[in-house]
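# Coordinate analysis (summary)
This is what each chain is made of:
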Amino acid sequence: MPEPLATAPWQRRLLLALLLAPALLWLVGLIILPHLDLALLSFRERIAPREYVTSLAQYRTFFSEPLYWHVFLRTAVFSALATALTLLVAFPIAWIIAKVARGRMSALLFVVCLIPFWVSETVRTLGWMILLRESGVLPALLVHLGITAQPVELLYHDATILVGLVYTSLLFMVVPLVGSLESLDNSLIEAAYDLGARGGAILRSIVIPHAAPGITAGCIVVFMLTLGNYLTPTLLGGKNSLWFTEQIYTQFITRFNWEQGAAFGFLLLALSTVMVWLGLKISGQRFSDVMRRA
Amino acid sequence: MSTPGAATPVTTPDLEVRGLLKRFAAHLAVVDLSFSVARGSFFSILGPSGCGKTTLLRMIAGFIQPDGGEISIGGRSMAGVGPNRRPVNMVFQHLALFPMMSVAQNVAFGLARRGVGRAERLRRAEAMLERVGLAGAGGKRTEELSGGQRQRVAIARSMVLEPTLLLLDEPLGALDLKLREHMKLELKQLQSSFGTTFVYITHDQSEALVLSDHVGVMNHGRFEQLGTPQQLYYAPATSFVAGFVGANNRIAGKARSISAALVELVTAEGWAVHARAHGSIAPGASVEAFIRPEGMTLGRTTAQLPPDQPAHEGEVLSLLFDGANSVVLLREARSRLELRIALPQTGAYADLKVGAHICFSFDPQRAICFSAPDTHA
């Protein structure tokens, strides 16, 4: 453009407002307002048809009914476990992409991690079901190889849910890890090696401290995605999955108990907030640094 | 270990390289290289970028495996010994200080890997920092330090492990000019105070000349010459060394006649000069002569020149005044060749103007004539 954009302060402010408007509209209209409404809903109790009072009854139900908080805890523990497993699986992949493979090979490996996401999550998970169900491909293969006498049901186990969750989350861990490992100067690794360190010590004292923001960012994203995942635990875990998002779904859709569902939703939000805060505290990272990596 | 004052000096050199070879695909990076470095000396490997000096250094450090030959450090063969188990430490080009650690942790890192206790290694790190003039800086972060201080931390981090050999990979390259001059002196002082053998690689000939006891000038994976800085400067063995070490004027042409080891060289334009022959030169062969800027005498007229030297004439192209290092660039009348001549420090030519006519001469004994290399640069 030959002329400078806007020069007067008010022009610049207007421009800024216009540029931010779509994002702000989206944020306020689709996230903040519904959440405020749900928050109000969660503090309401129906005492008679069309008659409501403000109360903590919904939250009380959660704590008094063991199934609810058992599922809640189970979801938290499994999400943390899935996050840890994802980190373990993603770290070597990210290392190879960032440090070992060169040029085209590195790009190719990245695409391999990305390919599963070209298919919708539903189709992908249904694919897993075809592979894992009793009459599916993998049990048949196990029988064929003589490892099991009868086809075994590989679906509806906790391990199956974990495998599915790790698979779904892998990319979101690999991306921040690759970013933070790529920025690690190779000469630091060589210097540590030169000063007498072995692989383990180099990983512990050089690589992990450098990659900490990336690791934390990946863990936060994966943990949030896993905690809020509905499809994978439901399809792969069936009735046994006992995932908290299912409880929320049940309250809203099956029971038509929006008040209870809203309360559960906020409990889940509180859980993920607390876990993220804990993760940042433990790893000694600052939220702003981590989010720049994510 | 030999006892000092022994009758025969049979001390094993700290570094001995024999027939070293390294190939990258079809390219020979290091070709059949043999040399040794005496204990406690400062050895530099000087060469243009891509000459194989970094490859050589990385083979000594153990990061690259040679394709042939042998490296012995302190009399022990290094075949199959990893970088973490060699009695060698390296100061990296960009220093590679660990940004996630404090200065003291950086220095104590190698000690920790050797299993030295926490209190002991912090004490030794602090003592080492004091030796390099950074007492009390242990608690600082590495990015709080100046370029020169970071350099000293990098050296302290290596020296605390008491290596047989310290390798330095152009550590001054990233510093600005003024600091580089200062660090040159500091490096030299540190080396003599530690008494450790330093192997230093650089493409900067002034660094190599100032710092080293011995210099290997490297080109295309080979040593062109190995000698003291004075030998390299005053008695270059090849035309590459003559052109690479120190400022030099290169005059290329054909040898017309040779008498009493003096070559009469004639350029394509017909300008004739005399120079001392290096090795045997046949009449008619392509040759190149080198004469240092300070080896030439200026005169406003031929009468001002030493009477026993052949006089030449030229025109002043530009004057580069730099105090004691001032030079005049002139164009020789016959060959149109650009020559660099040191201005005498008497100030006698302070009024010299660009475009002025000037005479010059040199003692043919101070000019060296080599057979021209087959491959023309």
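Residues numbered from 1 in each chain as written. Chains lettered and ligands numbered in written order. Predicted model: local features only at pLDDT ≥ 70, side-chain atom pairs only at ≥ 80, totals over all residues.

## Points about the overall build of chain B
A count of helices and strands for chain B gives eight helices and 20 strands. Taken over the C-alpha atoms alone, chain B extends approximately 75 × 50 × 45 Å along its principal axes. Counting only contacts in chain B whose residues sit at least 6 apart along the sequence, the fraction spanning at least 24 positions is 64%. (Helix = DSSP H or I, 4+ residues; strand = E, 2+ residues; numbered from the N terminus. Contact = placed C-beta atoms within 7 Å.)

## Concerning the overall build of chain A
From N to C terminus, chain A includes 13 helices and two strands. With the C-alpha coordinates of chain A rotated into their principal frame, the extents come out at 80 × 75 × 40 Å. Taking all 294 residues of chain A together, 29% fall into the buried category. Counted over contacts in chain A with a minimum sequence separation of 6, partners at least 24 positions apart contribute 69%. (Buried ≥ 20, exposed ≤ 12 C-beta atoms within 10 Å, placed from the backbone.)

## Side note on the sheet that holds strand S11 (residues 249-259) of chain B
Strand pairs in the sheet, formed through backbone hydrogen bonds, run parallel or antiparallel to each other. All names here are of chain B. If you walk around this closed barrel you meet the five strands as S11-S12-S13-S20-S14, and the pairing is mixed. Pairwise comparison of adjacent strand axes, ignoring direction, gives a mean angle of 55° for this sheet. Here S11 pairs with strand S14 (residues 286-291) via six bridges, running antiparallel. Opposite Asn-249, over in S14, you have Ile-291 as the bridge partner. (Pairing = 2+ DSSP bridges. Axes fitted to C-alpha atoms, helices over the stretch in contact; angles between N-to-C directions.)

## Some points on the pairing of strand S3 (residues 42-46) of chain B
All names here are of chain B. Among the five residues of S3, five are classified as buried, and the element is accordingly described as predominantly covered. Note: S3 against strand S9 (residues 214-219), four bridges, orientation parallel. When the sheet's bridge partners are listed, Leu-46 is paired in S9 with Val-217.

## Remarks on the environment of Leu-109 of chain A
Residues and elements named next belong to chain A. In this structure, Leu-109 sits in helix H4 (residues 104-114). Between the alpha carbons of Leu-109 and Leu-25 there is a distance of 38 Å; along the sequence they are 84 residues apart. Every residue in contact with Leu-109, bar those within four places of it in the chain, is listed here: Ile-96, Ile-97 and Ala-101.

## Let's talk about the domain arrangement of chain B
Per the domain assignment, the segments of chain B are domain 1 (15-240) and domain 2 (247-371). For domain 1 of chain B versus domain 2 of chain B, the separation of C-alpha centres amounts to 39 Å. (Domains from an automatic or database assignment.)

## Digging into the sheet that holds strand S6 (residues 88-91) of chain B
Residues and elements named next belong to chain B. Across the sheet, six strands lie side by side as S6-S7-S8-S3-S9-S10; this open sheet has mixed pairing. Each of the sheet's edge strands pairs with one partner strand only, and the pair in question is S6 and strand S10 (222-227). Going across the sheet, the axis of each strand differs from the next one's by a mean of 20°, ignoring polarity. Pairing of S6 with strand S7 (residues 165-169), which is carried by four bridges, proceeds in the parallel orientation. Across the sheet, residue Met-90 finds its bridge partner in S7, namely Leu-167.

## Considering the interface of chain A and chain B
With 15 residues of chain A in contact, the opposing surface of chain B contributes 17 residues. Contributions of two or more residues to the side of chain A that touches chain B are made by helix H8 (186-194) and helix H9 (199-227) of chain A. In terms of residue class, the side of chain A that touches chain B is made up of eight nonpolar, three polar and four charged. (Nonpolar A, V, L, I, M, F, W, Y, C, P; charged D, E, K, R; others polar.)

## Quick notes on the environment of Leu-141 of chain A
Residues and elements named next belong to chain A. In this fold, Leu-141 is placed in helix H6 (residues 137-144). Leu-141 sits in the partly exposed class, given 13 other C-beta atoms within 10 Å. Distance from Leu-141 to Leu-195, taken between C-alpha atoms, is 50 Å for residues 54 residues apart in sequence.

## Regarding the environment of Asp-37 of chain A
Residue and element names in this part refer to chain A. Mapping Asp-37 onto the fold places it in helix H1 (residues 9-42). Here Asp-37 falls in the exposed class, since 12 other C-beta atoms lie within 10 Å of it. When the C-alpha atoms of Asp-37 and Ala-262 are compared, they prove to be 9.2 Å apart, with 225 residues separating the residues in sequence.

## Remarks on the packing of H9 of chain A against helix H12 (residues 258-283) of chain A
The relative placement of two packed helices comes down to the angle between their axes together with the axis-to-axis distance. All names here are of chain A. Orientation of H9 relative to H12, taken along the N-to-C sense of each, is 165°, at an axis distance of 11 Å. Here H9 is positioned roughly antiparallel relative to H12, judged by the angle of their axes. The hand of the H9/H12 crossing is right-handed. Taking contact as the criterion, the partners of Ala-212, Thr-216, Cys-219, Ile-220, Phe-223, Met-224 and Leu-227 in H9 are, on H12, Leu-268, Leu-271, Ser-272, Met-275, Val-276, Gly-279, Leu-280 and Ser-283. Here the residues of the contact of H9 with H12 are counted per class, giving 11 nonpolar, four polar and no charged. (Parallel < 35°, antiparallel > 145°, perpendicular 65-115°, else oblique. Left-handed = near helix turned anticlockwise from the far one by under 90°.)

## Considering the nonpolar core
Among the nonpolar cores identified, the biggest contains 139 residues, and Leu-177 of chain A together with Ile-60, Val-107, Leu-167, Ala-289 and Cys-369 of chain B are the most heavily contacted of them. Among the elements that line this core, the one with the most residues is helix H7 (residues 158-182) of chain A, at 13 residues. Residues from two domains meet in this core; each of domain 1 (15-240) and domain 2 (247-371) of chain B gives at least three. Dropping the residues within four chain positions of it, Cys-369 of chain B is found in contact with Val-263, Leu-265, Ala-275, Arg-276, Ala-277, His-278, Ile-281, Val-287 and Ala-289 of chain B. (Core = buried A, V, L, I, M, F, W, Y, C linked by C-beta atoms within 7 Å.)

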